[in-house]
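Each chain, written out:
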Amino acid sequence: MKVIIVKDYQKMSNEAYNFIEELLKEKKDAVLGLATGSSPIGLYKLMVKGYEDGVIDYSKVKTFNLDEYLDLPKEHKQSYYSFMHENLFKGINVLKENINIPKGDGIDHLQDCKMYEELLNKHIIDIQILGIGSNGHIGFNEPGTSFDTTTHLVKLKEKTRLDNQRFFESIDEVPTHAITMGIKSIMKSKKIILLATGKNKAEAIKNMIEGPVDENVPASILQKHDDVVVIIDEQAASLLKK
Ligand code: F6R
């Protein structure tokens with residue numbers, strides 16, 4: 001696991017962007033695994049700028065998102081579908097048919113999980129972008145999730161709902177369930193870049209890097225992947241021993 005400690009959010013975004021730019025210059029038809037939330041927004045801004053400046057072309061790129069809230073219409077402002085269109089897809093030339101996001105507002109959720117996993121199995125993600133929950137979740141794989149999971153339905157922990165309340169009017173509006181790519185699916189990515197800033201993430205970062213590999217800290221499984229880059233600011237790194 002390579003750990004890069006930077007001064008602030010912008011520097012974190014720049015570092016992450018360099019990896020994406022390098023990949024997409026080399027491999028036009030790369031497959032990107034994408035996350036939502038606050039952590040990758042700066043990276044996505046740079047990815048849009050890269051397109052506007054003519055540095056990156058996304059016309060052959062495929063994307064897979066990690067997760068989606070359950071039973072939230074995809075048109076809802078806080079659906080991850082809306083988030084991705086607002087923060088990235090509307091600003092780049094990725095083709096609609098190359099965008100994959102778990103379907104959270106379908107009728108048969110189990111079937112939708114199965115279909116997403118089948119699609120994932122036909123691809124290899126070149127770079128997977130991850131954030132980390134303050135409880136150590138990756139995707140929406142909450143503490144206690146088996147490391148063996150593929151795409152599945154989850155009940156969100158109250159801590160996660162509280163952390164995400166900032167995007168909604170009230171806690172009652174925060175969905176209780178989601179569909180997420182499983183840990184096994186995430187681990188198949190060739191390279192993983194995990195982003196985190198702020199004191200709120202310090203304990204999760206410490207447990208992920210220095211703690212035992214334990215299903216109670218889902219992100220700790222990344223210790224077993226051979227190409228992980230963790231890019232964090234000084235606050236998120238503040239509890240690390242080394
Ligand atoms: C989002 C996701 C989550 C977030 C995590 C951190 O698609 O899978 O694991 O990455 O909750 O969220 P932020 O970046 O908002 O702190």
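To be clear, the structure that these remarks concern was listed above.
Heads up: these notes are all about the structure in this document. For clarity, every value in this text was computed on a predicted model and none was experimentally measured.

Cut-offs applied
- Residues numbered from 1 in each chain as written.
- Predicted model: local features only at pLDDT ≥ 70, side-chain atom pairs only at ≥ 80, totals over all residues.
- Heavy atoms only, no water.
- Axes fitted to C-alpha atoms, helices over the stretch in contact; angles between N-to-C directions.
- Helix = DSSP H or I, 4+ residues; strand = E, 2+ residues; numbered from the N terminus.
- Parallel < 35°, antiparallel > 145°, perpendicular 65-115°, else oblique.
- Contact = heavy atoms within 4.5 Å.
- Nonpolar A, V, L, I, M, F, W, Y, C, P; charged D, E, K, R; others polar.
- Buried < 20%, exposed > 50% of the residue type's maximum accessible area, 1.4 Å probe, protein only.
- Arc of directions from axis to C-beta.
- Pairing = 2+ DSSP bridges.
- Salt bridge = Lys/Arg side-chain N within 4 Å of Asp/Glu carboxyl O.
- Near = heavy atom within 4 Å.
- Polar contact = N/O pair within 3.5 Å; in protein donor to acceptor, adjacent residues only side chain to side chain.
- Areas by Shrake-Rupley, 256 points an atom, 1.4 Å probe, with all protein chains shown as cover.
- Expected span 1.5 Å × (residues − 1).
- Left-handed = near helix turned anticlockwise from the far one by under 90°.

**Examining the packing of helix 2 (residues 41-52) against helix 3 (residues 80-87)**
Relative to each other, helix 2 and helix 3 sit at 45°, their axes nearing to 9 Å. With respect to their mutual orientation, helix 2 and helix 3 come out oblique. Between helix 2 and helix 3, the contacting residues are I41, Y44 and V48 on the first element and F83, M84 and N87 on the second. Here the contact of helix 2 with helix 3 is composed, by residue class, of five nonpolar, one polar and no charged.

**Side note on helix 7 (residues 202-210)**
Buried within helix 7 are the following residues: A202, A204, I205 and M208. In a view along the axis of helix 7, the buried residues occupy a sector of 160°, so they form one face of it. Along its buried surface, helix 7 packs onto strand 9 (191-196) and strand 10 (228-233).

**Some remarks on the sheet that holds strand 1 (residues 2-6)**
Strand order in this open sheet of seven strands is 1-10-9-6-2-3-5, and the pairing throughout is parallel. The open sheet has two edge strands, strand 1 and strand 5 (99-100), and neither has a second partner. Here strand 2 (residues 31-34) pairs with strand 6 (residues 127-130) via two bridges, running parallel. Within strand 6, the position partnered with L32 by the bridge is I127.

**Some details on the pattern of salt bridges**
Enumeration over the complete set of coordinates arrives at eleven salt bridges. The partner of D53 in a salt bridge is K49, with the nearest N and O atoms 2.6 Å apart. For D53, a relative accessible area of 47% corresponds to the partly exposed category. The shortest N-O distance in the salt bridge between K90 and E86 comes to 2.7 Å. Sharing partners across several salt bridges, the network here consists of K27, D126 and K190.

**Some details on the site of the ligand**
If you check the shell around the ligand, you find 14 residues, and the closest are S39, D67, H137, G139 and K201. Contact between the ligand and S39: an oxygen atom at 2.6 Å from a side-chain N or O atom of the residue. One of the side-chain nitrogen or oxygen atoms of H137 is found 2.7 Å away from an oxygen atom of the ligand. Relative to its unbound accessible surface of 410 Å², the ligand loses 94% to contact with the protein. Split by residue class, the shell around the ligand holds three nonpolar, eight polar and three charged.

**Examining the sheet that holds strand 4 (residues 67-69)**
A sheet is described by the order of its strands in space; here three strands give the open sequence 4-8-7, paired in antiparallel fashion. In this open sheet, the two strands that pair with only one neighbour each are strand 4 and strand 7 (152-155). With direction set aside, neighbouring strand axes in the sheet form an average angle of 25°. Here three bridges tie strand 4 to strand 8 (residues 177-180), and the two strands are oriented antiparallel to one another. When the sheet's bridge partners are listed, D67 is paired in strand 8 with T180. Contacts from helix 4 (residues 109-121) reach strand 7 and strand 8, with the element oriented near 125° to strand 7.

**A look at helix 2**
Over its twelve residues, helix 2 extends 17 Å from the first C-alpha to the last, a length consistent with the 16 Å expected when each residue adds 1.5 Å. Phi turns positive one or two residues past the end of helix 2, at G54, with a value near 80°.

**Let's talk about the pairing of strand 9**
Counting buried residues in strand 9 gives six out of six residues, a clear majority hidden from the surface. The pairing of strand 6 with strand 9 spans four bridges and is parallel. Bridge pairing links Q128 to I192 in strand 9. Strand direction decides the pairing type here: strand 9 and strand 10, joined by five bridges, are parallel. Paired with I193 across the bridge in strand 10 is V229.

**Let's talk about the packing of helix 1 (residues 9-26) against helix 2**
Geometrically, a packed helix pair is captured by the angle between its two axes and the distance between the axes. One way to put it is that helix 1 packs onto helix 2 with a least axis distance of 8 Å and a crossing angle of 50°. The pairing of helix 1 with helix 2 is recorded here as oblique in orientation. Where helix 1 crosses over helix 2, the two elements pack in a sense that is right-handed. Contact residues: Y9, Q10, S13, N14, A16, Y17 and I20 in helix 1; I41, G42, L43, L46, M47 and G50 in helix 2.

Everything listed is a geometric property; what it means functionally is a separate question.
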